Every structure is written in C-alpha cells, then in structure tokens.
Amino acid sequence: LECMVQDYPKLLFEQQQFKAQVGVTVCPKWMALQPVKKNIFDSQVEAKKNVKRMAEFCAANGEAAVYELHRRYLEHCGVDVQKYGADGSLRMFHGINVKYGARIVLLPQFATTLREMQQRLKGGSQIYISNESTLVLDGNIEIRSLQLNGSLIVKCRGEHTKIIIDGLKIENQGWRFEPIADLHAKQIDDVYKMRGYVVNKNEARIIE
C-alpha cells in the first residue's frame, strides 16, 4: 500500500460498510523517517541556504540516521556510547554537514526488537563504545563487557552457535569516512560519490 498517510483513515471512514475503529501508531522521526531523495549536488545547494549547512534528504544524512537509530537503541539498553559535544557531532563532507558519531550496525539476525537487544546486550554500562568506533553485530551474539575504540565486526553463523563477548578490549585504527577529492572521478563508484565520502578501512577486529 502506498498513499498519503493522513488520507488512509479518511478513506476508511468514508466507506459506509466499514465499522471497525482505526488506530494509529506514531513514532518519533529518528525511529521511522529519513527519506533519501536528493543527489549530492542539489543537496550542496540546499546546505548553502541552511544555517547549520545541513541537507535533509541527502544520502550521507540518510546513512547517518541509521547509525543514530542504532546508537539510541544501544543507549536504551544501558550501553555507554560516547557522545561528541554540542557542535562536535557534525562533520562536513563537500559542504554538507552530517550528524556524526559511532557507526553502529545491528543486523536483523542480531535483534529486531528492543527486548531482544536487551537480552543480547546484558553488560549494559559495562559495554563502552567510543564516538570514533564502528561496530557491526550479526547473528546470535551476547555481549557482557566490551571496551571498543576502533572497529569490531562480529558475525555468528549456525543454528546452534552462539558468540559470547566478555572482557574484550579493542583498540585499533578503525574505519574512517574520508571526503572524496573529486565527485566526478570515474574510478570512484557512484554509491560513494552520492554520499561524498569513501570508507577507509584501516583496521578492524573480526570475530566469526
């Protein structure tokens, strides 16, 4: 179904034979809405008109919104996710400021609900993630204590397999988002040019 959200309940009430009550669930923007529908060049024009130099619908902002969503989930589970200062959370790529912080990726095989995440992240505040870190969790993983300042990729495969992380400390060069020098360079894939940066994978600890 694709329609204007506000029109759907009206359509139901206009049907005389429709007697059931209609309920609506409202989610905050950070949880449910971050469209990506502008190319980087149009987004640069938009950013110039914005006091904070931000562009709402650019690809970089859409990707950053996913990381922010996952950071908030972890915080709700009691995880200690380092924050930047008020203005330090913005990083500019080709004239566009993007919300920046730890890059957290939680695959559906790890958890799909907050309750599942709480069961996986049992360490709570014993789990620390610096604001320059990258964390990818995929599969049946339980974290009891972790100190992360860098990049950590954990993948668990197999129906009866489980990875438990307890007392792990990671300190490495991690992954960095580096601005693209030339957005018209043919050797750079469009998937990166639309964002304005490439991922420099310096170093990562991989557990699988």
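Refer to the preceding data block for the structure.
Rules used throughout
Residues numbered from 1 in each chain as written. Predicted model: local features only at pLDDT ≥ 70, side-chain atom pairs only at ≥ 80, totals over all residues. Heavy atoms only, no water. Core = buried A, V, L, I, M, F, W, Y, C linked by side-chain atoms within 4.5 Å. Buried < 20%, exposed > 50% of the residue type's maximum accessible area, 1.4 Å probe, protein only. Helix = DSSP H or I, 4+ residues; strand = E, 2+ residues; numbered from the N terminus. Contact = heavy atoms within 4.5 Å. Salt bridge = Lys/Arg side-chain N within 4 Å of Asp/Glu carboxyl O. Pairing = 2+ DSSP bridges. Axes fitted to C-alpha atoms, helices over the stretch in contact; angles between N-to-C directions.

Engineer: So what exactly am I meant to see when it comes to the nonpolar core here?
Structural biologist: When a protein is soluble and globular, its nonpolar side chains tend to lie buried together. Within the largest apolar cluster, 29 residues are counted, with the highest numbers of intra-cluster contacts made by Leu-74, Leu-121 and Leu-146. The leading source of residues in this core is helix H4 (residues 59-76), at three residues. Excluding residues that lie within four positions of it along the chain, Leu-146 makes contacts with Gln-126, Ile-127, Tyr-128, Leu-152, Ile-165, Leu-168 and Ile-170.

Engineer: Sorry if this is basic, but what is going on with the pattern of salt bridges here?
Structural biologist: Here the idea is simple: oppositely charged side chains can pair when their charged atoms come close. Scanning all chains against the criterion turns up twelve salt bridges. The salt bridge involving Glu-56 is made with Lys-29; its shortest N-O contact spans 2.8 Å. Within this pair, whereas Glu-56 is found in the loop between helix H3 (40-48) and H4, its partner Lys-29 is found in helix H2 (residues 29-32), the two being separated by 27 residues in sequence. When its relative accessible area of 28% is taken as the criterion, Glu-56 is described as partly exposed.

Engineer: Looking at this structure, how should I read the sheet that holds strand S9 (residues 151-155)?
Structural biologist: Sheet strands associate in pairs through backbone hydrogen bonding, adopting either a parallel or an antiparallel arrangement. The four strands lie next to each other as S4-S6-S9-S14, forming an open sheet whose pairing is parallel. The sheet terminates laterally at strand S4 (103-106) and strand S14 (205-207), the two strands that pair on one side only. The average undirected angle you get between the axes of adjacent strands in this sheet is 5°. Here S4 pairs with strand S6 (residues 134-138) via four bridges, running parallel. Bridging from a neighbouring strand, Arg-103 pairs with Thr-134 of S6. Here H4 sits on the sheet in contact with S4 and S6, set at roughly 80° to S4.

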